[in-house]
Amino acid sequence: MENKHPSSVMSDFIGKRIDGRKKGEIRNVKLRFNIIPSSLGSLFYENGTSKLLIALYGPKLWMSKKPKKTKKNFCHLNVQVICLKNQIILKQDKERIQFLIKCFLEEIILTTLFPESYFEVIVKNLQKNGNDIPSIVNASSLVCILSGLPLKAFVSSCTTGILESKIFLDLTSEELFFLSKTLLLVIQDDYENRSLLLEAQNSIRISSFEKLTQGAVNGCLKNRLIKFALTKYVVSFRS
C-alpha cells in the first residue's frame, strides 16, 4: 500500500471521508432475512462494503462424548467463521474471533432455558472492510433477534479513531491502516452499557482515550437502534 498522509483518508470535501460519510457517521446497514430456510434464522448483513452471511441452527440435543466432563443441564454454543479464499485471516485471529463471539452470545442468550442442548452459529465472511469483530458481533446479535431467542440484552460493537483531535466512527480498512490511534469497543446493550471488550491500538493519552471511548459508545448506541427496529419487525410479524 502506497504511503499517504493520514489526512488522505478524508476526501477533498471539508468534513467528509473518502466514502462520503461525516466523521461521526456509521456506515449504512442493509439486511436480508431468512436466506437459508433450513436454519432457525439467517441474515445477509451488509455494512458499507463489508458483507457477511450468518445463520443460526438449533436447538439440538447435546450428545457429549465425555459425559463425565460435561456440565449437566448446560446449553452449549458453537461458533464457526468461514472466510473466502481471497479473504486473508490468520488461524489464530480466526480462532480468537470465534471464541469472542461465543463468549458475547453466551452473555446475552438465556441459555438456562435450553438445558442439555446446543446452538451453532455459522458466519461466512464474504467481503471485509474494517475490523471483523464489529460486523460479526452486530450481525450475530441481529440473527438472535430474528430467530426469536430469549435475550437478556443486545450486544453492539464499533471502532473509533482520532486524527487532529477529531473522532471518527466505524472505521474502514484504509482508515484503520493510516490512523495510529484506534479503539475497538463491544458493549452489552442495557441500562449500564457494560463493556465486554475494549482494545486500543498503540499508546493513547487519557484525554484522547476518553474521547475515543465516548465516540465508540455513541457508535454502539447507533447500532442499537437497528436492533430495536428489527425487534419491532419480528414482534409485529409474528403477531
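Keep in mind that what you see is a predicted model, and the values were worked out from it rather than measured. (Residues numbered from 1 in each chain as written. Predicted model: local features only at pLDDT ≥ 70, side-chain atom pairs only at ≥ 80, totals over all residues. Heavy atoms only, no water.)

### Some remarks on the side chain of E46
Quick note on the threshold: By definition, any uninterrupted DSSP run of H or I lasting at least four residues is a helix, any uninterrupted run of E lasting at least two residues is a strand, and each is numbered from the N terminus. Here the term buried applies to any residue with accessible area under 20% of the maximum for its type, exposed to any over 50%, and partly exposed to those in between, with areas from a 1.4 Å probe on protein chains only. For this count, His and the chain ends are skipped, Lys and Arg are scored as positive, and Asp and Glu as negative. Salt bridges are counted wherever a side-chain nitrogen of Lys or Arg sits within 4 Å of a carboxyl oxygen of Asp or Glu. We call two residues in contact whenever any of their non-hydrogen atoms come within 4.5 Å of each other.
Relative to the assigned elements, E46 resides in strand β2 (residues 41-47). No salt bridge is formed by the buried E46; the nearest opposite charge belongs to K51, separated by 4.3 Å. Among all residues touching E46, those that are not within four sequence positions of it are N28, V29, K30 and K51.

### Digging into helix α2 (residues 132-146)
The line we're drawing: The span expected for a helix works out to 1.5 Å for each residue beyond the first. What qualifies as a polar contact is a pair of N or O atoms within 3.5 Å, subject to a donor-acceptor requirement within protein and to the restriction that residues adjacent in sequence count only when both atoms come from side chains.
Here α2 contains 15 residues, and its C-alpha end-to-end distance of 21 Å stays within 8% of the 21 Å for a straight helix at 1.5 Å per residue. By the N-cap criterion, in which a side-chain oxygen at the helix start approaches the backbone nitrogen of a residue two or three places on, α2 is capped by N131, the distance to I133 being 2.9 Å. Remark: G148 follows α2 within two positions and exhibits a positive phi of approximately 80 degrees.

### What about the side chain of R27?
Along the chain, the position of R27 falls in the segment before β1 (29-33). The buried category is assigned to R27, whose relative accessible area is 7%. At 2.7 Å, the side chain of R27 and the backbone oxygen of N129 are in polar contact.

### Let's talk about the nonpolar core
For clarity, the threshold we go by: Residue types Ala, Val, Leu, Ile, Met, Phe, Trp, Tyr and Cys, when buried and joined through side-chain atoms within 4.5 Å, form a set referred to as a nonpolar core.
Membership of the largest hydrophobic core comes to 37 residues, with the highest contact counts inside it found for I54, I101, F104, L105, V121 and I133. Top contributing element to this core by residue count: α2, with 9 residues. Each residue touching V121, except ones within four places of it in the same chain, is listed here: I54, A55, L56, L77, N78, V79, Q80 and L105. Listed in part, the 13 residues of the second largest apolar core include I162, I167, I187 and L212.

### Things to note about the sheet that holds strand β5 (residues 117-127)
To keep things clear, this is the line we draw: In this scheme, strands are said to pair when DSSP sees at least two bridges between them. Helix axes use the C-alpha atoms of the stretch in contact, all axes being lines fitted to C-alpha atoms, and the angles between their N-to-C directions lie in the range 0 to 180 degrees.
The strand order β1-β2-β3-β5-β4 describes an open sheet built from 5 strands, whose pairing is mixed. The open sheet has two edge strands, β1 and β4 (76-83), and neither has a second partner. If you compare each strand with its neighbour and ignore which way they point, the axes differ by 15 degrees on average. Judged from the 7 bridges that link them, β2 and strand β3 (residues 50-61) form a sheet pairing that is antiparallel. Along β3, the bridge assignment pairs N47 with S50. Strands β4 and β5 of the sheet are contacted by helix α1 (residues 91-108), whose axis makes an angle of about 140 degrees with β4. Where α2 meets the sheet, it contacts β1, β2, β3, β4 and β5, and its direction lies at approximately 145 degrees from that of β2.

### Description of the sheet that holds strand β7 (residues 166-169)
Here we have 4 strands laid out as an open sheet, ordered β7-β6-β8-β9, and antiparallel in their pairing. Each edge of the open sheet carries a strand with a single partner, namely β7 and β9 (194-201). On average, each strand axis in the sheet is tilted by 20 degrees relative to the strand beside it, whichever way the strands run. Two elements, strand β8 (residues 182-189) and β9, share 7 bridges in a ladder whose sense is antiparallel. Bridging across to β9, Q188 finds its partner in R194. Across the sheet, α1 touches β6 (154-163), β8 and β9, and the angle it forms with β9 is around 155 degrees. Along the sheet, α2 makes contact with β6, β8 and β9, crossing β6 at roughly 160 degrees.

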